[in-house]
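# Geometric and topological summary
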Amino acid sequence: MMQSISEYLETLNEDGKNAVTALIDFMEQAVPSLHPKLSFSMPMWLFAQKMKDGYLGVSAAAKHYSVHFSSETFIEQLKQEMPHLKFGKRCINIPYHDLSANEMIRQNIILFLQQNGQL
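First, a word on what this report is: a plain description of the structure on this page. Fair warning: this is a prediction, and the values are worked out from it, not measured in the lab.

### Description of the nonpolar core
Note on soluble globular proteins: their nonpolar side chains tend to be buried together. Grouped together as the largest cluster of nonpolar side chains are 32 residues, with contacts concentrated most on L56, V67, F69, I92, I105 and I109. Residue assignment for this core shows that the elements contributing at least two residues are α1 (5-10), α2 (14-30), β3 (55-60), β4 (64-69), α3 (72-81), β6 (91-95) and α4 (99-115). Apart from the residues within four sequence positions on either side, I105 is in contact with Y65, V67, F69, L78, M82, I92 and I94.

### Comments concerning the pairing of strand β2 (residues 42-46)
Most of β2 sits inside the fold, with 5 of its 5 residues counted as buried. Burial along β2 is two-sided: M42, M44 and L46 and P43 and W45, pointing in opposite directions, are all buried. Bridging between strand β1 (residues 37-39) and β2 involves 3 bridges; their strand directions are antiparallel. Bridging across to β2, S39 finds its partner in M42. Hairpin connection between β1 and β2: a loop of 2 residues separates the two successive antiparallel strands, and F40 in this loop has a positive phi of roughly 55 degrees.

### Quick word on the pattern of salt bridges
The final tally for this structure, using the stated rule, is 4 salt bridges. Here D53 ties to K52 by a salt bridge, and the two come within 3.4 Å at their closest N and O atoms. Residue K52 is classed as exposed on the basis of its relative accessible area, which comes to 70%. A salt bridge links E76 to K79, with the nearest nitrogen and oxygen atoms 3.3 Å apart. Placement of the pair is E76 and K79 together in helix α3, with a separation of 3 residues, close to one helical turn. Relative accessible area serves as the criterion here: at 37%, E76 is assigned to the partly exposed category. In this structure K79 comes out as partly exposed when scored by relative accessible area, which is 32%.

Rules behind the numbers
Residues numbered from 1 in each chain as written. Predicted model: local features only at pLDDT ≥ 70, side-chain atom pairs only at ≥ 80, totals over all residues. Heavy atoms only, no water. Core = buried A, V, L, I, M, F, W, Y, C linked by side-chain atoms within 4.5 Å. Buried < 20%, exposed > 50% of the residue type's maximum accessible area, 1.4 Å probe, protein only. Helix = DSSP H or I, 4+ residues; strand = E, 2+ residues; numbered from the N terminus. Contact = heavy atoms within 4.5 Å. Pairing = 2+ DSSP bridges. Salt bridge = Lys/Arg side-chain N within 4 Å of Asp/Glu carboxyl O.

Okay, here's the thing in structure tokens:
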């Protein structure tokens, strides 16, 4: 069983490793006080002690990476803003080479962090 984020990264293809690492770096710059931990086999940032109090996570698949949000309401907003993308349960799937979606999701992560009192 994986114990660390670096072990998780080793399981990913090159695109996945690059995307997840970039998002970890982005989060580190945006909120240096939040540290990711491996939870549900993916890097996650918990906003408090319990997941019910808010989280953000990232995972990778063959052709996309997913950003996981604790708020279903926030996902519904993203569906309106980015209808061309695919969504899962509390997550949005970002194709690796969709540069505009990559930029939009980062802007929305900042908004989500602000709404959850992290910024």
